[in-house]
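# What the coordinates show
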Amino acid sequence: MKSIYLDNAATTPLSDSMKRYLVSLLSVYGNPSSLHSVGEKADGLITQAREAVAGFLNAAPEDIFFTCSGSASNALAVRGLVPGNAPDERYEVFYSPTAHKSMLRACDSCRSHTPLKVNSAGEISLSYLDDILRKHSRLCPLVCIEAASSETGTIQDVMGIGSVVRKHNGLLLVDATGYLPSYRIDLGRWRSCVDMLTFSGHKLHALKGVGVLWKRPEIRLAPLIYGTQEQGLFGGTENTLAIASLGKAVRDYDYASISPYNRDYVYDYIVRRIPDCALIGAPTASGHRLPHHLYLCFRGVEGESLMHLLDLYGIQISTGSACNQKSPSASDALYAIGMEPQNMHSCVRLTFSGRETKEELDYVCAKLEQCAASLRTN
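Residues numbered from 1 in each chain as written. Predicted model: local features only at pLDDT ≥ 70, side-chain atom pairs only at ≥ 80, totals over all residues. Heavy atoms only, no water.

What follows deals with the packing of aromatic side chains. Under the definition given, this model contains 6 aromatic pairs. Between Tyr 179 and Trp 190, the ring centres sit 5.6 Å apart and the planes meet at 45°, which makes this aromatic pair tilted. Taken together, the residues Tyr 179 in the loop between strand E6 (171-175) and helix H7 (187-190) and Trp 190 in helix H7 connect sequence positions 11 residues apart. For Tyr 179, a relative accessible area of 13% gives the class buried. Residue class for Trp 190 comes out buried when judged on its relative accessible area of 3%. Here the aromatic residues Phe 56, Tyr 253 and Tyr 255 are joined through ring pairs into a cluster of three or more. Here the basic side chain of Lys 248 rests over the ring of Tyr 21, its NZ or CZ set 5.7 Å away from the ring centre. (Phe/Tyr/Trp six-rings, centres within 6.5 Å; stacked < 30°, edge-to-face > 60°. Helix = DSSP H or I, 4+ residues; strand = E, 2+ residues; numbered from the N terminus. Buried < 20%, exposed > 50% of the residue type's maximum accessible area, 1.4 Å probe, protein only. Lys NZ or Arg CZ within 6 Å of the ring centre and 35° of its normal.)

Right, here's the structure in full:
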């Protein structure tokens, strides 16, 4: 049975060319911190990757820092700026409640933290943000958001939010992990309102085990892990293979297949053929939703059961963010957007690569209809 993988927001597969590239690097075993030729060869791969990521983002290589994951990058950005042992408070942290769990927990761990309100689509109102930052003016605001939610698919107005944060002399941290696979980021433009940006490599067809933090050079952070690597901000021997894979991934990344066509094809079928189904997050036609992303509530259907049943037919989807998959409680994002508690466990997420064939899409549609009906009958 052929597998139809529709969980690209959780992770992305390696291309054949990436696999060949990684095999060619398996003999590069040196420690990148070693000064002999074997170590310098490994260090050269990291330098090349840093330059590739910088070029991909239109940033300076010295402002790019590698970590072990997007979650680690979020923790470094938040706790590096707002250390737990600070003698006095300088920042009040404001954060999107629909952000990735790594950002939520890092922000929650800060002494002064305030979750922002979002609407039913998960969007932050600029007027509301302006008002709350005006009311909380004792400390410098650090506003932490996701450019787009990998769970709900909703895109935030990063430039608008950044303008409000600048107005209040604050700093803006943006987690771009969910956004970057669909839209290119030009930090030459974004840096007018963004101070730090993070993302994870395995959402861009790189290996798992590498994340990125970009920051403006004037921002000073305390280390998350002590050591000499990454300018002293993230110690430990670098994961050379994963970092090199990210360099190749961004050099090869092709946005040509990113389109709402496959998503809309399946969604239109669902609207016409499957009753009691609702879209979660921003509407598909609003321009505020990721083009490859569907997050759906099949009322009266247990989402995990639907996921497992579809898997038996060779279709891989999820019930939401991979970081919430093994938790019995509903996700923070669903609570934040005000979803009815009785529907929170009836949600599934389909995220497309854009390379699915019409035959595959028709098969997915038919099996979705069949499985939802079967679970409702039972």
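Turning to the sheet that holds E6, a few remarks are in order. Pairing within the open sheet is mixed, and its 7 strands lie in the order E2-E8-E7-E6-E5-E3-E4. Of all the strands in the sheet, the pair left with one neighbour each is strand E2 (64-67) and strand E4 (113-115). Going from strand to strand, the sheet's axes swing by 20° on average, the running direction of each strand aside. The pairing of strand E7 (residues 196-200) with strand E8 (residues 211-215) spans 5 bridges and is antiparallel. Paired with Ser 200 across the two strands is Gly 211, which belongs to E8. In this fold helix H3 (residues 70-81) packs onto E2, strand E3 (91-95), strand E5 (140-146), E6, E7 and E8, with an angle of close to 155° to the strand it touches most, E7. (Pairing = 2+ DSSP bridges. Axes fitted to C-alpha atoms, helices over the stretch in contact; angles between N-to-C directions. Contact = heavy atoms within 4.5 Å.)

The biggest cluster of nonpolar side chains holds 68 residues, and the ones touching the most others in it are Phe 66, Trp 190 and Leu 246. Not counting residues within four places of it along the chain, the set of residues in contact with Trp 190 comprises Ala 147, Val 158, Met 159, Val 174, Tyr 179, Ile 185 and Leu 197. Counting residues in each nonpolar core, the second largest holds 25 residues, with Ile 4, Leu 6, Tyr 267 and Ile 315 among its members. (Core = buried A, V, L, I, M, F, W, Y, C linked by side-chain atoms within 4.5 Å.)

A few words now on the sheet that holds strand E10 (residues 293-298). The antiparallel open sheet is built from 3 strands, whose spatial order is E9-E10-E12. Of all strands in the sheet, those with a lone pairing partner are strand E9 (277-279) and strand E12 (347-351), marking the two edges. The mean angle between the axes of side-by-side strands here comes to 30°, regardless of whether they run parallel or antiparallel. Inspection of the sheet shows E10 paired to E12 by 5 bridges, in the antiparallel sense. The residue of E12 that forms the bridge with Tyr 295 is Arg 349. Its contacts with the sheet put helix H9 (residues 261-273) on E9, E10 and E12, and the angle it makes with E10 is roughly 20°.

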